[in-house]
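Structure assessment
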Amino acid sequence: MHSIRGRGCDLLYIIEGRFTYGGELAFLFERKGVDMKVRNYRLLIILISVAIIAVFSFPAWGTDVGGNIVTDTTWDFAGSPYNFTADVQVAEGVTLTIEPGTIIDGQLNHLKIFGILNAVGNSASTIHFINLNLETSGDQPSLINIEYAILNGCSLWDNSGEGVFIVKDSKINDNLRSWYIHYPPSDCYIERNIFINS
């Protein structure tokens, strides 16, 4: 038995809390010898009200991205999901690093790599790419290195003839289009991956 004391009310004892088969959550209270029964409907209304307030009181979840990346940049789990509002371009000589556990929601936009994309997760914390067109571009060698990732509805495309691809230990689901590698300037590695509906 627990006691609660609040301003303007006497000592309140929680006698019993139970969940009945019919879905009724009931708490029985005794206050000065008077039983009060609080049904799940009141509790449900309170919980829904709190949820609505919470949803509209906090800023949008994640980080919106779009445009050019001109300095070395890291996307981490804390900023996830990274929501594309437009195409993202990584400039020549620049590295975009994506850390384990990070979620990238491309919303069918393009991640154009003129420099380096280094997205290396691990077996305990994969990187998630969703609805994203990954492509190499430019007239200098560029690199897309993806390891321990899940790619849902993505594509991998070489627009330049200078792209190098490393994709290892990843799961590829429902490709948007074929993977296309066009005369790479050095070896590409596609190893230990699982392809589903791709």
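Let me sum up the structure you'll find in this document.

Parameters and conventions
Residues numbered from 1 in each chain as written. Predicted model: local features only at pLDDT ≥ 70, side-chain atom pairs only at ≥ 80, totals over all residues. Heavy atoms only, no water. Pairing = 2+ DSSP bridges. Helix = DSSP H or I, 4+ residues; strand = E, 2+ residues; numbered from the N terminus. Axes fitted to C-alpha atoms, helices over the stretch in contact; angles between N-to-C directions. Buried < 20%, exposed > 50% of the residue type's maximum accessible area, 1.4 Å probe, protein only. Polar contact = N/O pair within 3.5 Å; in protein donor to acceptor, adjacent residues only side chain to side chain. Contact = heavy atoms within 4.5 Å. Core = buried A, V, L, I, M, F, W, Y, C linked by side-chain atoms within 4.5 Å. Salt bridge = Lys/Arg side-chain N within 4 Å of Asp/Glu carboxyl O. Patch = residues over 30% accessible without salt bridge, like charges linked within 9 Å, V, L, I, M, F, W, Y side chains within 5 Å. Areas by Shrake-Rupley, 256 points an atom, 1.4 Å probe, with all protein chains shown as cover. Phe/Tyr/Trp six-rings, centres within 6.5 Å; stacked < 30°, edge-to-face > 60°. Lys NZ or Arg CZ within 6 Å of the ring centre and 35° of its normal.

For the rest of this paragraph, the subject is the sheet that holds strand S17 (residues 189–191). A sheet is described by the order of its strands in space; here six strands give the open sequence S6-S8-S10-S12-S15-S17, paired in parallel fashion. Strands with a single pairing partner mark the edges of an open sheet, and in this sheet they are strand S6 (73–75) and S17. Taken pair by pair, the neighbouring strands of this sheet meet at an average axis angle of 10 degrees, ignoring direction. Direction of pairing for strand S8 (residues 95–98) relative to strand S10 (residues 116–120): parallel, over a ladder of four bridges. By the bridge assignment for S10, Thr 97 is matched with Asn 118.

Residues in a regular strand point their side chains to alternate faces of the sheet. Side chains of S8 alternate between two faces, with Leu 96 and Ile 98 buried and Thr 95 and Thr 97 left unburied. Alignment of S6 against S8, held across three bridges, turns out to be parallel. Each residue of the ladder has a partner; that of Trp 75, found in S8, is Ile 98.

Bringing the side chain of Ser 80 into the picture now. Positionally, Ser 80 belongs in the loop between S6 and strand S7 (82–90). Of the residues examined, Ser 80 reaches a relative accessible area of 6% and is grouped as buried. At 3.0 Å, the side chain of Ser 80 forms a polar contact with the backbone nitrogen of Ile 103. The residues touching Ser 80, leaving out its near neighbours within four places in the chain, are Trp 61, Gly 62, Gly 101, Thr 102 and Ile 103.

Attention now moves to the nonpolar core. By size, the foremost hydrophobic cluster in this structure holds 28 residues, and its most contacted members are Trp 75, Ile 98, Leu 111, Leu 117, Phe 129 and Leu 134. Not counting residues up to four positions away in its chain, the partners in contact with Phe 129 are Ile 98, Ile 104, Ala 119, Leu 134, Ile 146, Ala 149, Ile 150, Leu 151, Asn 152 and Cys 154.

Applying the stated criterion across every chain, the model contains four salt bridges. Among the ionic pairs, Arg 192 bridges to Asp 169, the shortest N-O distance being 2.7 Å. A residue pair is termed long-range when its members are at least 10 positions apart, and Arg 192 in the loop between S17 and strand S18 (194–196) and Asp 169 in the loop between strand S15 (163–168) and strand S16 (171–173) qualify at 23 residues. Each of Lys 168, Asp 169, Glu 191 and Arg 192 takes part in a single network of salt bridges with overlapping partners.

Turning our eyes to something else, we now look at a nonpolar patch on the surface. A cluster of nonpolar side chains, namely Ile 181, Ile 190 and Phe 195, defines an oily patch on the protein surface of about 240 Å² accessible area. Inspection of the secondary structure assignment puts Phe 195 in strand S18.

This brings us to the packing of aromatic side chains. One pass over the full model with this rule turns up four aromatic pairs. The interplanar angle of 10 degrees and the centroid separation of 4.8 Å between the aromatic rings of Trp 75 and Tyr 82 together place this pair among those described as stacked. Residue class for Trp 75 comes out buried when judged on its relative accessible area of 5%. Judged by relative accessible area, which is 5%, Tyr 82 ranks as buried. Ring geometry for Trp 179 and Phe 195: centres 5.5 Å apart, planes at 65 degrees, overall edge-to-face. Of this pair, Trp 179 sits in the loop between S16 and S17 while Phe 195 sits in strand S18; the two residues are 16 residues apart in sequence, bridging distant segments of the chain. For Phe 195, a relative accessible area of 41% corresponds to the partly exposed category. Among the aromatic side chains, those forming a connected cluster through ring pairs are Trp 75, Tyr 82 and Phe 84. Sitting above the plane of the Tyr 189 ring, Lys 168 keeps its charged end 5.5 Å from the centroid.

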